[in-house]
Amino acid sequence: MTSASGPDADGERRIVHDGVGMVVLGVCAGWSLITAGLHGGRPEGVLLAVLAVAAGYAAGRIGGAVSPVGAPLAGALAGAGLTVAVPHLTPGPQITTPLGHAGATAAVLTLSAGAACCAAWAASVPAVRFALRGLAAGTAVLAGVLGSTSGLVGCLAVLVCSLAAGRTRRRGAGLVAMAAVAALATGLTWAVAARAVPAGLVAALEGRLTRHRVELWRDAWQLLRGDAALGVGPGRFGELSATSAESLLSDGRPHSAPLQQAAEQGVVGVALLAAAFGWVLYALWRGPRPTPVVLTAGAALTALAAIAAVGNALSFTTVSVGAGLLAGMATARPLADEPSDHAPDTRTRGAGRTPAW
């Protein structure tokens, strides 16, 4: 008989949480079709985002298994090069920065920094590790050169968290803290939209994010109150938002992923978005990679969640694919053994081990 704590049991657990993730993504796609059928709208954007995440995750799992260092390095270089070389990825009429939007640029560079740091932890040669961390620092410099303050902050936060992860024994506590950060960023956005914060904080946010964006958030809140269960239908925010209609260069979005989900797909849509993020963190917790790799990827994805809470990052297919790639590479089981001398509790999570909290 096979032991319940043997390799077969470990493989079964991985199949289960991979299956849960695919179910969550499938329900996200299905709910967009349901709300579109009931209220009208265009679910194609949601369907494309779900497909992009799933494809990126699958590619990341394959690449991370074949080359734990080369795959994330290639991803980091591709992301950094994309922000510089391909400035026309946005569908909107206003193109003033690489990728057409500061949030998308910040998101891609943050994911690139996370991939470079993951590659550094997977490398066994100290000089290579140092060079890869230098690449992550260079990505932060690139964000500063491009004028992306949020990208600079995100890259530096990922680099600092990655360095601290080398001394972290319990990955579970770190991932819980990251979930709390994402929830705090989302909660702040919702509080501003609901006029539940002091006027001084609102004025500060308007000075940094513009009054127009804050008004878009408030429109999304009002639409949610009109139909909290189902929302107004995917892709219909631009039609029903007075603030969006007044702008000649509006892209028809509230520039906040949680608020867009709330306005267009109701509280169920928000719950599904949260479930997708929670599944990624759970997959990282149960994954076979060393703890520093797991926490580095978690930090980058948490920074992406914070950027998406106040911006339009998730409206770009490039960002969705990048997030899936990083999650896939950080949960893949490499074909060859990884070095385990980086820090305590950074060994490959073998069969039968209970995840450390």
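Here, every reference points to the structure presented above.
(A) Looking closely at the overall build of the chain. Within the chain one finds 14 helices and zero strands. For the chain, the sequential pattern of α-helices and β-strands runs α-α-α-α-α-α-α-α-α-α-α-α-α-α. Counting over 357 residues, the chain shows a buried share of 51%. The contacts of the chain with a sequence gap of at least 6 include a subset with a gap of at least 24, amounting to 78%.

(B) Inspection of the packing of helix α9 (residues 211–226) against helix α12 (residues 257–286) at higher detail. Direction vectors running N to C along α9 and α12 enclose 15°, while the axes themselves pass 8 Å from each other. Considering their axes alone, α9 and α12 lie roughly parallel with respect to each other. Considering how the two elements wind past one another, α9 and α12 form a crossing that is left-handed. Listed contacts from α12 to W217, A220, L223 and L224 of α9 are L259, A262, A263, G266 and V267. Looking at the contact of α9 with α12 residue by residue, the class counts come to eight nonpolar, one polar and no charged.

(C) Highlighting the environment of A165. Assignment of secondary structure puts A165 in helix α6 (residues 149–165). Accessibility expressed as a relative area gives 2% for A165, which makes it buried. Residues A165 and P292, spaced 127 residues apart in sequence, show a C-alpha to C-alpha distance of 4.8 Å. Not counting chain neighbours up to four residues away, the residues in contact with A165 comprise P292 and L295.

(D) Geometry of the nonpolar core. L175, L284, L301, L304, V319 and L326 are the most contacted members of the largest nonpolar core, which has 47 residues in total. For this core, the elements supplying multiple residues, two or more each, are α3 (70–85), α4 (102–122), α5 (126–145), α6, α7 (171–193), α12, α13 (291–309) and α14 (317–331). The biggest single contributor to this core is α4, with 12 residues. L175 has contacts with L281, L284, W285, V294 and L295, leaving out every residue within four places of it along the chain. Counting residues in each nonpolar core, the second largest holds 20 residues, with V197, L205, L216 and A262 among its members.

(E) Spotlight on the environment of V176. Relative to the assigned elements, V176 resides in helix α7. Owing to a relative accessible area of 46%, V176 belongs among the partly exposed residues under this scheme. Considering only alpha carbons, one finds V176 and W285, 109 residues apart in sequence, at a separation of 9.8 Å.

(F) Summary view of the pattern of salt bridges. Under the defined criterion, the tally for this structure stands at five salt bridges. A salt bridge links R218 to E215; the shortest N-O distance between them is 3.4 Å. In this pair, R218 and E215 both sit in helix α9, three residues apart, roughly one turn of the helix. Both residues of the pair, R218 and E215, belong to the buried class. A salt bridge links E239 to R236; its shortest N-O distance comes to 3.3 Å. We classify E239 as partly exposed; its relative accessible area is 48%. Three or more residues joined by partner-sharing salt bridges are found here, namely R42, R236 and E239.

(G) Summary view of α13. With 19 residues, α13 should cover 27 Å at 1.5 Å per step; its first-to-last C-alpha distance of 27 Å lies within 8% of that length. Here α13 lies mainly inside the structure; 18 of its 19 residues are buried.

(H) Highlighting the side chain of R289. Along the chain, the position of R289 falls in the loop between α12 and α13. Note on R289: relative accessible area 2%, which makes it buried. In terms of polar contacts, R289 uses its side chain to reach the backbone carbonyl oxygen of M329, at 2.6 Å.

(I) Just the packing of aromatic side chains, in detail. Applying the stated criterion across every chain yields a total of three aromatic pairs. With a centroid separation of 5.8 Å and 80° between ring planes, the pair formed by W190 and W221 is classed as edge-to-face. Here W221 lies in helix α9 and W190 lies in helix α7, a separation of 31 residues in the sequence. Look at W190 and you get buried, because its relative accessible area is 19%. For W221, a relative accessible area of 21% puts it in the partly exposed group. One Lys or Arg, R286, reaches over the ring of W285 and ends 5.6 Å from the middle of that ring.

(J) Main features of α3. A rise of 1.5 Å per residue sets the reference length of α3, with its 16 residues, at 22 Å; its end C-alpha atoms lie 22 Å apart and thus fit the reference within 8%. Every buried residue belonging to α3 is among A71, P72, A76, G79, A80 and T83, and all of these are buried. Each buried residue of α3 lies within a common arc of 165° when the element is viewed along its axis, so the set occupies one face. In α3, the exposed positions angled more than 90 degrees off the buried face are occupied by V84 and A85. Lining the buried residues of α3 we find α2 (44–66), α4, α5 and α14.

Rules used throughout
- Residues numbered from 1 in each chain as written.
- Predicted model: local features only at pLDDT ≥ 70, side-chain atom pairs only at ≥ 80, totals over all residues.
- Heavy atoms only, no water.
- Helix = DSSP H or I, 4+ residues; strand = E, 2+ residues; numbered from the N terminus.
- Buried < 20%, exposed > 50% of the residue type's maximum accessible area, 1.4 Å probe, protein only.
- Contact = heavy atoms within 4.5 Å.
- Axes fitted to C-alpha atoms, helices over the stretch in contact; angles between N-to-C directions.
- Parallel < 35°, antiparallel > 145°, perpendicular 65-115°, else oblique.
- Left-handed = near helix turned anticlockwise from the far one by under 90°.
- Nonpolar A, V, L, I, M, F, W, Y, C, P; charged D, E, K, R; others polar.
- Core = buried A, V, L, I, M, F, W, Y, C linked by side-chain atoms within 4.5 Å.
- Salt bridge = Lys/Arg side-chain N within 4 Å of Asp/Glu carboxyl O.
- Expected span 1.5 Å × (residues − 1).
- Polar contact = N/O pair within 3.5 Å; in protein donor to acceptor, adjacent residues only side chain to side chain.
- Phe/Tyr/Trp six-rings, centres within 6.5 Å; stacked < 30°, edge-to-face > 60°.
- Lys NZ or Arg CZ within 6 Å of the ring centre and 35° of its normal.
- Arc of directions from axis to C-beta.

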